[in-house]
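Chains, contacts and geometry: an overview
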Amino acid sequence: MTDEQVIEAANKALAEEFELDVERFTPEVLFREDLDLDSLDAVDMVIVLEKTFQIKIGRDPAIMQIRTVGDMHQYILGKKRELEQEQN
Amino acid sequence: MQLKRVAITGMGAISPYGKGSRLLFESMLAGKSGVRYHRELDRFSSLGPRVAGIVTGVDLMEVPRKHRRSMSPMSIYALMAAREAVAQANLNAARLADGRTGLIMGSTMGSVYTIEEFFRDYLARENLDQVKSMLFFRVMGHSVAANVAQALGISGRVLAPTAACSTSCQAIGLAYETIAFGRQDIILCGGADEYHPLTTGTFDLMLAASASYNATPEKTPRPFDRDRDGIVCSEGAGVLVLESFESARKRGAVILAEVAGFSSTCDTSSIANPDPEPLFRCMREALDDAGLQPDDISYVNAHATATVQGDIAEGQAIAMLTDACIPTSSLKGHMGHTMAASGALESIVCVEMLRNGVLLPTLNLDNPDPQCGTVNLLTTPKRQPVSVIVKNNFALGGVNCSLVLRAAKD
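About the criteria used
Residues numbered from 1 in each chain as written. Chains lettered and ligands numbered in written order. Predicted model: local features only at pLDDT ≥ 70, side-chain atom pairs only at ≥ 80, totals over all residues. Contact = placed C-beta atoms within 7 Å. Nonpolar A, V, L, I, M, F, W, Y, C, P; charged D, E, K, R; others polar. Helix = DSSP H or I, 4+ residues; strand = E, 2+ residues; numbered from the N terminus. Buried ≥ 20, exposed ≤ 12 C-beta atoms within 10 Å, placed from the backbone. Core = buried A, V, L, I, M, F, W, Y, C linked by C-beta atoms within 7 Å. Domains from an automatic or database assignment. Expected span 1.5 Å × (residues − 1). Arc of directions from axis to C-beta. pLDDT = per-residue confidence, 0-100. Pairing = 2+ DSSP bridges.

1. Considering the interface of chain A and chain B
Contacts between chain A and chain B engage 6 residues on the former and 5 residues on the latter. Here the side of chain A that touches chain B is composed, by residue class, of 3 nonpolar, no polar and 3 charged.

As structure tokens, then:
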């Protein structure tokens, strides 16, 4: 997957989970303030991302730092790079 | 201590007929059945019944995700019914949040579909890492009560009685007693259940579910009828607003009827098969609570679910109240057994009977079973002044409940 495909897949999966318009998933958007999602939604966000990308996130402390959609993109792309390095 | 009189000032229903308490009453008055062939049951080859009373005409997505995310269908039905009841009672948000308004609602259990979904994943992988945050809120015992209270912003007492088929009758009774005692001024009370094949399966294995009328669903269930063959399981939600007379008058609310008495007794002779004596004692105690005599009763709204033994026990218990043949019917013939919602939905129809001066018959009662006691089993609607109704619900587990509902008067 290219970075663009990863971002597109993440946006699509979360938009579907939280019943939001996928166009709202732009990098600067805040999950809590702009999308009205809370800490319980954050738990489900992890599960959705794990399922979408077949990765393990669990209780990664880095996930707690995610505030914006852009943070989420960077987190997933970071995970992707970790996996690529492991495979190499 | 002077107990307060308790009024009904609002009602709301989600039933197999659709949305609204008016639609519920008018459909029943017109003699319509809410029972249909239910294709979902075709996948269970060992199951006899193929009929159910499923809610129609309701869009679950009407409830915003913020509240819906923690709800299974039963809570959504209950919220919709509660909103209708609140609107009729003309209660505003400030009133609901003032701490003097409470909520008492129950269901038979938490959402079985949600439990099924959980175990499908859990048993396949034996891991809990895919459990979503909302699972618990949909399966917990007080799912309906908590979800409706959260969505409506009710900050007073929230209780969730659970007693299967007696659930919402108990909820109304507890609300009545809480208000009479002065602990709350207003309480939204009732119950809800969502259909799952397990409900039908449970009654089928006890040989208590209707299976002989799959080709003619509108002909079953047949409470008190010679040819009855068991329960038809249904779903829905019923909510009533109970309020002290004092509060209702101060607000200028319309008093639809009065809850005048309540009793709940336990039949310890069997966990499943009712005995007439505890049923009789329950009705008698509810009448005593209301300060009324059996001869004051205009009509008994029976629990009668169309099981062979249950209908006989209840008919005999009603006959034990008085030598006069009391007009009696069961509304299960119209829409089946809505389980934890039945007490509230049937009470709503009883209030309409009090207000409209009409007694509804038992649908599908063609040949009254003489074993069901010397009671006047109604087979056609009866126009007459209606002043006092005894409303019964009896549950597996031996939990009996009776309410006394009285026409609104000063």
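Don't stop here, the text continues.
2. Examining unusual backbone geometry
Residue Pro-221 of chain B follows Thr-220 of chain B across a cis peptide bond; omega there is 0 degrees. Within the fold, Pro-221 of chain B resides in the loop between helix H9 (197-205) and strand E8 (236-244). Phi is positive for Gln-54 of chain A, close to 55 degrees, though the residue is something other than glycine. Looking at the element boundaries, Gln-54 of chain A is found in the loop between helix H2 (39-53) and helix H3 (69-87). When the 7 C-beta atoms within 10 Å are taken as the criterion, Gln-54 of chain A is described as exposed.

3. Brief notes about the nonpolar core
Where a protein is soluble and globular, its nonpolar side chains tend to be buried together. Core analysis: the largest hydrophobic core is formed by 123 residues, its most contacted members being Ala-78, Met-105, Val-148, Leu-240 and Leu-242 of chain B. Sorting elements by how many residues they give to this core places helix H3 (residues 73-89) of chain B first, with 11 residues. Split by domain, the residues of this core number at least three in each of domain 1 (6-251) and domain 2 (260-407) of chain B. Contact partners of Leu-240 of chain B, with chain neighbours within four places excluded, come to Ile-8, Gly-10, Met-11, Ala-85, Ile-172, Cys-189, Gly-190, Ala-344, Ser-347 and Ile-348 of chain B. Core analysis: the next-biggest nonpolar cluster, separate from the first, contains 9 residues, Ile-7, Phe-25, Met-45 and Met-72 of chain A among them.

4. With respect to H3 of chain B
All names here are of chain B. Counted at 1.5 Å a residue, the expected span for H3 with its 17 residues is 24 Å, and the 24 Å between its end C-alpha atoms agrees. Burial of H3 is extensive: 15 of the 17 residues sit out of reach of the surface. A positive backbone phi angle near 60 degrees is found at Asn-90, which sits one or two residues after H3.

5. Some words on the domain arrangement of chain B
All names here are of chain B. Looking at the assigned domains, one finds that chain B contains domain 1 (6-251) and domain 2 (260-407). One C-alpha centre belongs to domain 1, the other to domain 2, and the line joining them spans 20 Å. With 61 residues of domain 1 at the interface, the matching set in domain 2 holds 52 residues. Mapped onto the side of domain 1 that touches domain 2, the elements with two or more residues apiece are strand E1 (6-15), helix H1 (21-29), helix H8 (167-180), strand E7 (186-193) and E8. Take the side of domain 1 that touches domain 2: its biggest share by element is 8 residues, from H8. A per-class count over the side of domain 1 that touches domain 2 returns 29 nonpolar, 23 polar and 9 charged.

6. Some details on H1 of chain B
Residues and elements named next belong to chain B. Residues Ser-21, Leu-24, Phe-25, Ser-27 and Met-28 constitute the buried set of H1. Around the axis of H1, the buried residues are gathered within 165 degrees of arc, so they sit on the same side. Turning to H1, the residues buried within the fold contact E1, H3, helix H13 (332-335) and helix H14 (342-356). Within two residues after H1, Gly-31 carries a phi angle of roughly 75 degrees, on the positive side.

7. Regarding the environment of Val-259 of chain B
All names here are of chain B. By the element assignment, Val-259 lies in strand E9 (residues 257-266). In this structure Val-259 comes out as buried when scored by C-beta crowding, with 27 C-beta atoms within 10 Å. Sequence separation between Val-259 and Val-388 is 129 residues, and the spatial gap between their C-alpha atoms is 10.0 Å. Excluding residues that lie within four positions of it along the chain, Val-259 makes contacts with Val-6, Ile-8, Ile-172, Tyr-176, Leu-242, Leu-403 and Leu-405.

8. As for the confidence of the model for chain A
Caution is warranted with low-pLDDT regions, since their predicted coordinates should not be read in detail. When the pLDDT values of chain A are averaged, the result is 94; 100% of them are 70 or greater. In the model of chain A, H3 of chain A stands out as the element of lowest mean pLDDT, 92, in contrast to helix H1 (residues 3-17) of chain A, which has the highest, 97.

9. Focus on the environment of Ala-164 of chain B
Assignment of secondary structure puts Ala-164 of chain B in the loop between strand E6 (158-159) and H8. Judged by C-beta crowding, with 20 C-beta atoms within 10 Å, Ala-164 of chain B ranks as buried.

10. Focus: the pairing of E9 of chain B
All names here are of chain B. Counting buried positions along E9 yields 9 of 10 residues, so the element is predominantly enclosed. By the bridge criterion, 3 bridges tie E1 to E9 in an arrangement that is antiparallel. Considered in E9, the bridge of Ile-8 is made with Ala-257. As judged from the 9 bridges shared by E9 and strand E16 (residues 399-407), these two strands associate in the antiparallel manner. Bridging from a neighbouring strand, Ser-264 pairs with Cys-401 of E16.

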